[in-house]
Amino acid sequence: MADMMMQPKLDAPIPGHSLTKELGSRPWQQPAQYTTVEDALDYYIPRLESDEVSQQLLDVLEMGIPVTTVANTMQLGSVMEGKHSVDVGMLILPVLVELIMLIADSAGVEYTTGLEKDKKIRGSLVDVAVAQFKEEQEKDDTVDKEGSEPMLAQMKEEAEKRTGLMVRGK
Amino acid sequence: MLTNPTPILHQNLSLAMKSMPEETPMAKNTLMGPPKKQMTKAKEDDILQPSRRVASYIETIQKKREEIKNG
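Residues numbered from 1 in each chain as written. Chains lettered and ligands numbered in written order. Predicted model: local features only at pLDDT ≥ 70, side-chain atom pairs only at ≥ 80, totals over all residues. Heavy atoms only, no water.

Draft legend 1. Inspection of the packing of aromatic side chains at higher detail. Residues and elements named next belong to chain A. The tally for this structure, following the rule as stated, stands at two aromatic pairs over all chains. Consider the rings of Y43 and Y44, whose centres lie 5.2 Å apart with planes at 70°: the pair is edge-to-face. Y44 shares its class with Y43; the two are buried. Pairwise contacts between aromatic rings join Y34, Y43 and Y44 into one cluster. (Phe/Tyr/Trp six-rings, centres within 6.5 Å; stacked < 30°, edge-to-face > 60°. Buried < 20%, exposed > 50% of the residue type's maximum accessible area, 1.4 Å probe, protein only.)

Okay, here's the thing in structure tokens:
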């Protein structure tokens, strides 16, 4: 974790990058296409109900990706395309979550909601977590063994070298 | 850093929906009753709130989900 924090982020945009294009040249810098919650939902609902999208959506949910992540990605993509504003996106997020869950329920697909209160964790996710934990534990054990033995020998040597009035009697 | 506000939004809205007072039928022809005009205006304003509209949509979808779950 600490190593990850120390690594420089080379793929991040340089400061001022957003100012290198003319203002209004990006879709999100234009007035939003759908300005109300109803308009935005009218855009989303037929898309979610279409066979192509719903099948892909169910595949994604079956892979264990949380509903909240899928909903957020969808609305963020639409904001970038200039379909609706960020505000409308925030308002429709809970509706999108419920809609996706409705589609999954009607298809009989098991899914992870991604909500904090949701205590139910899928078996496959538990298996992945257990495998990761075991790997980390094994790594820690090897590091401890390698690191502790030379240290003990060094301490013994130092203890034997000590001389003077205050040295403990053997 | 918060990258996905969806769980927070969903929980806040659910809490607000739960804490919403239930509508009780009021006697219309009483002297001590609240003035009719003000009540209707306040209610209309409330319905116009986007968050209230979103809550009503969520309620509808949740009912549908319950129907599917219960068969």
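Draft legend 2. Structural view of helix α3 (residues 50-70) of chain B. Residues and elements named next belong to chain B. The end-to-end C-alpha separation of α3 is 30 Å, in line with the 30 Å expected for 21 residues at 1.5 Å each. Listed as buried for α3 are R53, V54, A55, I58, I61 and R65. Looking one or two residues beyond α3, the residue adopting positive phi is G71, at roughly 85°. (Helix = DSSP H or I, 4+ residues; strand = E, 2+ residues; numbered from the N terminus. Expected span 1.5 Å × (residues − 1).)

Draft legend 3. Just the pattern of salt bridges, in detail. Within the structure shown, the criterion is met by three salt bridges over all chains. Across the pair E38 of chain A and R53 of chain B runs a salt bridge, and its minimum N-O distance is 2.7 Å. A residue pair is termed interchain when its members come from two chains, as with E38 of chain A in helix α2 (residues 37-49) and R53 of chain B in helix α3. Where salt bridges share partners, they join E98 and D105 of chain A together with R65 of chain B into one cluster. (Salt bridge = Lys/Arg side-chain N within 4 Å of Asp/Glu carboxyl O.)

Draft legend 4. Region of interest: the interface of chain A and chain B. Facing the 23 residues of chain A at the interface are 21 residues of chain B. The contact between chain A and chain B buries some 2,000 Å² in all, and 67% of this surface belongs to carbon and sulfur atoms. Contact with chain B buries area across many residues of chain A, yet P94, E98 and L102 of chain A alone supply 27% of it, more than any other trio. The partner of R65 of chain B in a salt bridge is E98 of chain A, and the shortest N-O contact between them spans 2.9 Å. For the pair chain A and chain B, the interface holds ten residue pairs in polar contact (both at pLDDT 80 or more). Breaking the side of chain A that touches chain B down by element, the ones donating at least two residues are α2, α4 (67-80) and α5 (86-107) of chain A. Here the element with the most residues in the side of chain A that touches chain B is α5 of chain A; it accounts for twelve residues. A breakdown of the residues in the side of chain A that touches chain B according to their chemical character gives 13 nonpolar, five polar and five charged. (Contact = heavy atoms within 4.5 Å. Buried area = accessible area lost by both parts, 1.4 Å probe. Polar contact = N/O pair within 3.5 Å; in protein donor to acceptor, adjacent residues only side chain to side chain. Nonpolar A, V, L, I, M, F, W, Y, C, P; charged D, E, K, R; others polar.)

Draft legend 5. Quick peek at the confidence of the model for chain A. In the predicted model, chain A carries a mean pLDDT of 85, and 84% of its residues have values of at least 70. Mean pLDDT values over the elements of chain A span from 61, in helix α1 (residues 2-6) of chain A, up to 96, in α4 of chain A. (pLDDT = per-residue confidence, 0-100.)

Draft legend 6. Molecular detail of α5 of chain A. Residue and element names in this part refer to chain A. The first and last C-alpha atoms of α5 sit 30 Å apart over 22 residues, in line with the 32 Å expected at 1.5 Å per residue. At I92, α5 is deflected by roughly 40°, the largest bend along its length, and proline P94 occurs up to four residues later in sequence. Of all 22 residues in α5, 16 are buried, a share of seventy percent or more. Count one or two residues on from α5 and you reach G108, which has phi positive near 70°. (Bend = angle between axes of the 7 residues up to and from the residue.)

Draft legend 7. Looking closely at a nonpolar patch on the surface. Residues and elements named next belong to chain A. On the surface, M151, L152 and M155 cluster together to form a nonpolar patch covering roughly 340 Å² of accessible area. By secondary structure assignment, the location of M151 is in helix α6 (residues 123-161). Judged by its relative accessible area of 52%, M151 falls in the exposed class. (Patch = residues over 30% accessible without salt bridge, like charges linked within 9 Å, V, L, I, M, F, W, Y side chains within 5 Å. Areas by Shrake-Rupley, 256 points an atom, 1.4 Å probe, with all protein chains shown as cover.)

Draft legend 8. Fine view of the side chain of T113 of chain A. Along the chain, T113 of chain A falls in the loop between α5 and α6. Within the structure, the side chain of T113 of chain A is placed 3.3 Å from the backbone nitrogen of L115 of chain A, a separation counted as a polar contact.

Draft legend 9. Just the nonpolar core, in detail. If you look at the biggest cluster of nonpolar residues, it comprises 32 residues, and the most contacted ones within it are L61, V67, I92 and I100 of chain A. Of all the secondary structure elements, the ones that give two or more residues to this core are α2, α3 (51-62), α4 and α5 of chain A together with α1 (6-19) and α3 of chain B. Residue contributions to this core peak at twelve residues, all from α5 of chain A. (Core = buried A, V, L, I, M, F, W, Y, C linked by side-chain atoms within 4.5 Å.)

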